[in-house]
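Analysis of the macromolecular model
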Amino acid sequence: MLVFIRMGEDPASRVYVGMKEKTAAQLGIESQTIVFPEATAESVLLERLRSLNSDSQTHGILVQAPLPKHISETIVYRTVAPQKDVDGFHPENVGKLMLGDLSGFVPCTPAGVHELLRRSGIEIPGTRAVVLGRGNIVGKPMTAILLQKAPDANSTVTLCHSRTLNIESHCQAADILIAAIGVPEFVKASMVKPGAVVIDVGVNRIPDPTAKKGSRLVGDVAFDEVQPIAGKITPNPGGVGPMTIAMLMRNTVEAASRMAQQS
Ligand SMILES: NC(=O)c1ccc[n+]([C@@H]2O[C@H](COP(=O)([O-])OP(=O)(O)OC[C@H]3O[C@@H](n4cnc5c(N)ncnc54)[C@H](OP(=O)(O)O)[C@@H]3O)[C@@H](O)[C@H]2O)c1
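The model shown is predicted, which means the values in this text are computed figures rather than measured ones. (Residues numbered from 1 in each chain as written. Predicted model: local features only at pLDDT ≥ 70, side-chain atom pairs only at ≥ 80, totals over all residues. Heavy atoms only, no water.)

1. With respect to the overall build of the protein chain
Along the backbone of the protein chain there are nine helices and ten strands. For a compact globule of 263 residues, the expected C-alpha radius of gyration is about 18 Å, and the protein chain comes in at 19 Å, within 12% of that figure. Based on the C-alpha atoms only, the size of the protein chain along its principal axes is roughly 50 × 50 × 35 Å. Counting the 263 residues in the protein chain, one finds 48% classified as buried. In the protein chain, the share of contacts with a sequence separation of at least 24, taken over all contacts with a separation of at least 6, comes to 65%. Carbon and sulfur atoms form 55% of the exposed surface of the protein chain, whose accessible area is close to 13,100 Å². If you average the places of the 26 positive and of the 25 negative side-chain charges in the protein chain, the two averages end up 1 Å apart. (Helix = DSSP H or I, 4+ residues; strand = E, 2+ residues; numbered from the N terminus. Rg over C-alpha atoms; globule rule 2.2 N^0.38 Å. Buried < 20%, exposed > 50% of the residue type's maximum accessible area, 1.4 Å probe, protein only. Contact = heavy atoms within 4.5 Å. Areas by Shrake-Rupley, 256 points an atom, 1.4 Å probe, with all protein chains shown as cover. Lys, Arg positive; Asp, Glu negative; His and termini not counted. Charge placed at Lys NZ, Arg CZ, Asp CG, Glu CD.)

2. What about the sheet that holds strand β5 (residues 156-160)?
Hydrogen bonds along the backbone pair up the strands of a sheet, which may run parallel or antiparallel. The strand order β5-β4-β6-β7-β10 describes an open sheet built from five strands, whose pairing is parallel. Where the open sheet ends on each side, the last strands, each with one partner, are β5 and β10 (232-233). Bridge count between strand β7 (residues 197-200) and β10: two bridges; the pairing is parallel. Looking at β10, one finds that valine 197 is bridged to lysine 232. (Pairing = 2+ DSSP bridges.)

3. Focus: the pairing of strand β2 (residues 31-36)
Bridge count for strand β1 (residues 2-7) against β2 is six bridges, and the pairing is parallel. Within β2, the residue paired with methionine 7 across the bridge is phenylalanine 36. At this point the chain moves from β1, through helix α1 (residues 11-27), to the parallel β2, and the crossover so formed is right-handed. (Right-handed = clockwise from strand over helix to strand, strands pointing away.)

4. As for the domain arrangement of the protein chain
The domain architecture assigned to the protein chain consists of domain 1 (1-82) and domain 2 (108-241). Placing the centre of domain 1 and that of domain 2 at their C-alpha centroids yields a distance of 28 Å. (Domains from an automatic or database assignment.)

5. Re helix α6 (residues 139-147)
Of all nine residues in α6, seven are buried; the element is thus mostly enclosed. Taken together, the buried positions of α6 are occupied by Gly139, Pro141, Met142, Thr143, Ala144, Ile145 and Leu146. Buried-residue contacts for α6 involve α4 (91-99), α5 (108-119), β4 (128-132), β5 and β6 (176-179).

6. Some thoughts on the site of the ligand
Around the ligand lies a shell of 19 residues, among which Thr109, Arg134, Ser162, Val203 and Thr244 are the nearest. In this structure, a nitrogen atom belonging to the ligand sits 3.5 Å away from a main-chain N or O atom of valine 201. Threonine 244 places a polar side-chain atom, nitrogen or oxygen, 2.8 Å from an oxygen atom of the ligand. Look at the ligand: alone it shows 930 Å² of surface, and the protein chains cover 67% of it. Ranked by the residues each element gives to the shell around the ligand, the list is headed by helix α9 (residues 240-262), at three residues. (Near = heavy atom within 4 Å. Polar contact = N/O pair within 3.5 Å; in protein donor to acceptor, adjacent residues only side chain to side chain.)

Written as structure tokens, this is what we have:
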């Protein structure tokens, strides 16, 4: 059983949880969504997490971000039991990844990017990778994955952020360029080395009067101008997003099978 927790009615959170529920159902993974009103006290949420931690029928727990301002993400992620932390955000799982111990759960989006690279036959060892964005959910764990001393990693990684000087020159040197900053179409053709692999993680809603909703989703990469230069490029939407969900399902199956082995 995979349990989703949603706080309030944030439209994006509803969509994300809905997509994850749908995939779980398609794969035959039981799931349940618990919705708390936005004003719920942090202590109430933590109490529920503790009871799910000790419930033998619950194998994975996912608390959908963003959380209301009065709730600390750090405390919430620390409260989910590491063995049920299918999002890979508990400090124990984060620490294991940094130490090169792959027995923990790895955050789903960077794990999905890694799987995409592997299944696309990209030889990662020896490459120069540039990761844009030092967020805890994508950029930092992505860097840790590509740095692993392992035959499907061993990349030399540069991690860029909003204070990086001359970010273009870093990007231009990248064999693998991964954009996870949340700035619409930030990566332009002039920033990409011909033949580079470009992975677009960003999800940005921009105004578009021609669209039915008045807006549309774009990534962090200016796809139309970068595609002719890149060796390989992910579409967005439809590239990294589905991989994130696939990795969540993989982590859930892994959590359930580990629990079954222990019982
Ligand atoms: N497809 C998926 O499944 C998926 C999953 C998760 C996230 N995302 C998307 O990925 C993006 C990043 O998410 P996140 O949670 O990692 O975000 P985050 O924690 O807010 O981190 C954003 C990072 O981007 C950097 N940044 C912002 N503007 C920049 C600029 N102009 N130049 C260089 N760096 C800049 C920030 O730098 P500072 O640290 O210096 O502020 C920060 O390190 C978002 O668009 C999010 O929606 C997609």
